[in-house]
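Survey of secondary and tertiary structure
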Amino acid sequence: MKLVQAPLRGVVPLTATRIEQLTNAMDKECRALVILAVGSGLRTSELLGLQVLHVDFRRLTIKAAQ
């Protein structure tokens with residue numbers, strides 16, 4: 001059996017306008033998570049494992065522990 005080679009495509013990031021449209025269309029509960037994901041570059045596992053103790057509100061930093 002011969003495997004078919006899928007064409008490689010580059011990642012095309014969303015524009016700020018598209019991100020705003022996306023976040024405005026979703027529930028409030030998901031909005032903060034998506035905005036954090038877009039702005040921080042954290043992976044899904046890091047976002048889902050995030051706890052308040054990982055956030056330094058004074059220094060405005062997040063420690064990814066997952």
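Scope of this entry: the structure provided in the associated data block. None of these values were measured; they are calculated from a predicted model. (Residues numbered from 1 in each chain as written. Predicted model: local features only at pLDDT ≥ 70, side-chain atom pairs only at ≥ 80, totals over all residues. Heavy atoms only, no water.)

1. Thoughts on the overall build of the chain
Within the chain one finds 3 helices and 2 strands. Rg of the C-alpha trace for the chain: 16 Å, well past the compact-globule value of 11 Å for 66 residues, more than 25% over. Expressed as lengths along the three principal axes of its C-alpha atoms, the size of the chain is roughly 55 × 30 × 20 Å. Scored against the burial criterion, the 66 residues of the chain give a buried share of 12%. Carbon and sulfur atoms form 59% of the exposed surface of the chain, whose accessible area is close to 6300 Å². The centroid of the 9 positive side-chain charges in the chain is displaced by 8 Å from the centroid of its 5 negative side-chain charges. (Helix = DSSP H or I, 4+ residues; strand = E, 2+ residues; numbered from the N terminus. Rg over C-alpha atoms; globule rule 2.2 N^0.38 Å. Buried < 20%, exposed > 50% of the residue type's maximum accessible area, 1.4 Å probe, protein only. Areas by Shrake-Rupley, 256 points an atom, 1.4 Å probe, with all protein chains shown as cover. Lys, Arg positive; Asp, Glu negative; His and termini not counted. Charge placed at Lys NZ, Arg CZ, Asp CG, Glu CD.)

2. Overview of the side chain of Thr23
Mapped onto the elements, Thr23 comes out in helix 1 (residues 16–24). Apart from the residues lying within four places of it in its own chain, the contact partners of Thr23 are Arg31, Val34 and Ile35. (Contact = heavy atoms within 4.5 Å.)

3. Here's the deal with unusual backbone geometry
Phi is positive for Leu60, which is not a glycine, with a value near 55°. With respect to the helices, strands and loops of the structure, Leu60 is situated in the loop between strand 1 (55–56) and strand 2 (61–62). Residue Leu60 is classed as exposed on the basis of its relative accessible area of 75%.

4. Looking at the pattern of salt bridges
Evaluated as defined, the whole model comprises 2 salt bridges. Between Glu46 and Arg43 there is a salt bridge whose closest N-O contact spans 3.5 Å. Glu46 sits in the buried class, given a relative accessible area of 11%. As a salt-bridge pair, Asp56 and Arg59 come within 3.1 Å of each other at their nearest N and O atoms. Using a relative accessible area of 24% as the deciding quantity, one classes Asp56 as partly exposed. On the accessibility criterion, Arg59 (65% relative accessible area) is exposed. (Salt bridge = Lys/Arg side-chain N within 4 Å of Asp/Glu carboxyl O.)

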